[in-house]
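Commentary on secondary and tertiary structure
In case you want the letters, here they are:
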Amino acid sequence: MTIATFDRARLEDALLDGLPDLVAEVRDRLVEHWPDYAAFLDTDRDAVVKPAELFVHRLLDMSIANLANPQQTTLDRADETVRRVFEEIGRRQLQEGNDLTRLLTAFQLGARVAWRHVAATALRLDFAPDNLAALADSVFVFVNQLSFSAANGYLQEQIEDAMARERRREDLANLLLSGRAGTEAIRTAAQQAAWRIPETAAVVIYSDGDQESAGTLVARLEPGALPIRRNAVVVGAIIPEPSGPGRRLQLSRELAGMGAVVGNSVALAQLPRSLEIARIAVRLRNTGVLTDDPVFADEHLDALIVWRDEALVAALREEMLAPLDGETEAARERLAETLASWLKHFGDRQAIARELSIHPQTVRYRMARLRALYGDRLDDPESRARLFLALEWPGP
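Residues numbered from 1 in each chain as written. Predicted model: local features only at pLDDT ≥ 70, side-chain atom pairs only at ≥ 80, totals over all residues. Heavy atoms only, no water.

The protein chain goes by PucR-like helix-turn-helix protein in an unreviewed UniProt entry, where it is assigned to Kribbella rubisoli.

In structure tokens form, the structure reads like this:
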């Protein structure tokens, strides 16, 4: 048989007339395992008619092309309508929460039903065997192409949905760190970002500044972490309930080796403060004052308080250690070490000697020299406190 014997008009009219029966059979076959798809065919019949009619038109186009050139079985690239329709079907499946595998399996079931209807119609119209072969080949090739289009639409929607959700999560993080958002604004933004609002949260930031490592840091955290971006670069995250049972151990494992700093746990309204404290801790880690990995800021609040302003710390050291300026460098080190131990042990000469591995008589000699240099300040509680800070927190 040749193309001339392929009565397209007669077959097309018959197939279009039989579409209601085809859709009904597909619906009946879907009821047992895909009841939601079956319901869709019942309630959204108008949405099904256009793709079904397109299927018939393009199926016959492909069959005729196949008879003319058996190697040419692909969908015409110029026909974007079919591809777009089925990509939209795929997108809708994701929007409605349906699984891609279920969609493609339902497509294959529909292909088998469609072929039975096409074959029965063609046989009733006395189509030749080579015409039937061309139709059969076109049905399954076309359905595969439609499946690909639907899957592509599904995946594109998935990617766009993930990107949109990520943007909403970043917007929420920025809102929380702005310090200007009210409770209702936070609730609305959290709902849009699908983020469960916790009682407390903390800021985690990366101390090294390496962009790739910062991105890895966020990837290691649980899905509830909100990414913090500055100039399109991930610099940290907001983590919920950092003080919950087992959370510190979990965070220690997730952030090990990353050079991360975890701010203190606060109510959401205080997150800008957690960020400020984390930044101070990052500075101290980068200068060697703090060496933990990761650093939990709430374990080093004394250091953070003292080192919040480096200039003030430097001024305090200069003022409190000025009496030692006239000594040699070695003598200054010995006297400062002895003074720090004396303050720590409340003047217990034996404890000082044990800590410094020196004879008690040496302690006595050094303290005599310190009293000569400092005078009554060693007996003044306020001066002793200032001396302790100056000696306990040396410069980085």
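1. Some points on the overall build of the protein chain
For the record, the criterion: Only DSSP runs of H or I reaching four residues or more are called helices, and only runs of E reaching two or more are called strands; each is numbered from the N terminus. Whether two residues touch is decided by their heavy atoms; if any such pair falls within 4.5 Å, the residues are in contact. Each accessible area value is a Shrake-Rupley result obtained with a 1.4 Å probe; residue values ignore everything except the protein chains displayed when judging cover.
The helix and strand inventory of the protein chain stands at 17 helices and 6 strands. Sequence-distant contacts, at least 24 apart, represent 71% of the contacts inside the protein chain between residues at least 6 apart. Accessible area of the protein chain: about 21,000 Å², with a carbon and sulfur share of 52%.

2. What about the pattern of salt bridges?
Spelled out, the test is: Salt-bridge detection follows one rule: a side-chain nitrogen of Lys or Arg within 4 Å of a carboxyl oxygen of Asp or Glu.
This structure, assessed with the given rule, holds 17 salt bridges. Where Glu 25 meets Arg 116, a salt bridge forms, and the shortest distance between an N and an O atom there is 2.7 Å. Here Glu 25, found in helix H2 (residues 19–30), pairs with Arg 116, found in helix H6 (residues 100–124); they are 91 residues apart in sequence, far enough to count as distant. Note that Glu 319 is salt-bridged to Arg 386, the shortest N-O span being 2.6 Å. Taken together, the residues span a long stretch of sequence, with Glu 319 in helix H13 (residues 310–320) and Arg 386 in helix H17 (residues 381–392) at a distance of 67 residues.

3. A closer look at the packing of H2 against H6
Each packed pair of helices is defined by two parameters, the angle between the axes and the distance between the axes. Put simply, the rule is: Angles run from 0 to 180 degrees between N-to-C directions of axes, and those axes are lines fitted to C-alpha atoms, restricted for helices to the stretch in contact. Each angle gets one of four labels, with under 35 degrees taken as roughly parallel, over 145 as roughly antiparallel, 65 to 115 as roughly perpendicular, and the rest as oblique. In a left-handed crossing the near helix is turned counterclockwise from the far helix by less than a right angle, and in a right-handed crossing that turn is clockwise. Polar here means any residue other than Ala, Val, Leu, Ile, Met, Phe, Trp, Tyr, Cys and Pro, which are nonpolar, and Asp, Glu, Lys and Arg, which are charged; Gly is therefore polar.
Interaxial distance between H2 and H6 falls to 10 Å at its minimum, and their mutual angle equals 140 degrees. Overall, the two elements H2 and H6 adopt an arrangement that is oblique. H2 and H6 meet at a crossing whose hand is right-handed. Residues Asp 21, Leu 22, Glu 25, Val 26, Arg 29 and Leu 30 of H2 touch H6, and the partners they reach there are Ala 106, Leu 109, Gly 110, Val 113, Ala 114, Arg 116 and His 117. Grouping the amino acids of the contact of H2 with H6 by side-chain chemistry returns 7 nonpolar, 2 polar and 4 charged.

4. Regarding the nonpolar core
The condition is simple: By convention a nonpolar core is built from buried Ala, Val, Leu, Ile, Met, Phe, Trp, Tyr and Cys residues, the set being connected through side-chain atoms within 4.5 Å. For the exposure calls, accessible area comes from a 1.4 Å probe over protein chains only, and a residue counts as buried if that area is under 20% of its type's maximum, exposed if over 50%, partly exposed in between.
Counting 43 residues, the largest nonpolar core has Leu 11, Leu 30 and Phe 55 as its most contacted members. At the level of secondary structure, the elements contributing two or more residues to this core comprise helix H1 (8–17), H2, helix H3 (35–43), helix H4 (45–68), helix H5 (80–95), H6 and helix H7 (129–178). Take this core: its biggest share by element is 10 residues, from H6. Membership of the second largest hydrophobic core comes to 34 residues, among which are Ala 193, Ala 201, Ala 297 and Leu 304.

5. Comments concerning H2
What counts, and what does not: Expected span, for any helix, means 1.5 Å times one less than how many residues it has. Think of it as the arc spanned by the lines of direction from the helix axis to the C-beta atoms.
Between the first and last C-alpha of H2 there are 16 Å, a value that for 12 residues agrees with the 16 Å anticipated at 1.5 Å per step. Considered for burial, the residues of H2 that qualify are Leu 19, Leu 22, Val 23, Val 26 and Leu 30. All buried residues of H2 lie within an arc of 95 degrees about the axis, which places them on one face of the element.

6. Quick notes on the layout of surface pockets
Our working definition: The pocket and cavity definitions rest on a 1 Å grid over protein atoms only: a 1.4 Å probe that fits but cannot leave marks a cavity, an open set with protein on both sides within 12 Å along at least five of seven lines marks a pocket, and residues lining either have an atom within 4 Å of a point. Grid points are joined across faces, edges and corners, and a volume is the space filled by probe spheres set on the points.
Quantified by volume, the largest pocket comes out at close to 780 Å³. The set of elements that each furnish at least two residues to the lining of the largest pocket consists of H2, H3, H4, H5, H6 and H7. Element by element, the count of residues in the lining of the largest pocket is highest for H5, at 7 residues.

7. Description of empty space enclosed by the protein
Counted according to the given criterion, the structure contains 1 cavity of 30 Å³ or more. Around the largest cavity sit Pro 242, Ser 243, Arg 248, Leu 251, Val 262, Gly 263, Asn 264, Ser 265, Phe 296 and Asp 298, which together line it. Of the residues in the lining of the largest cavity, the class split is 4 nonpolar, 4 polar and 2 charged.

8. Re the side chain of His 300
You can see His 300 is positioned in the loop between strand S6 (295–296) and helix H12 (301–306). Residue His 300 is classed as buried on the basis of its relative accessible area of 16%. Here His 300 is in contact with Leu 290, Asp 292 and Val 295, once residues within four sequence places are set aside.

9. Re H6
End to end, H6 covers 36 Å across 25 residues, agreeing with the expected 36 Å (1.5 Å per residue, within 8%). Downstream of H6 by one or two residues, Asp 126 has phi in the positive range, about 60 degrees.

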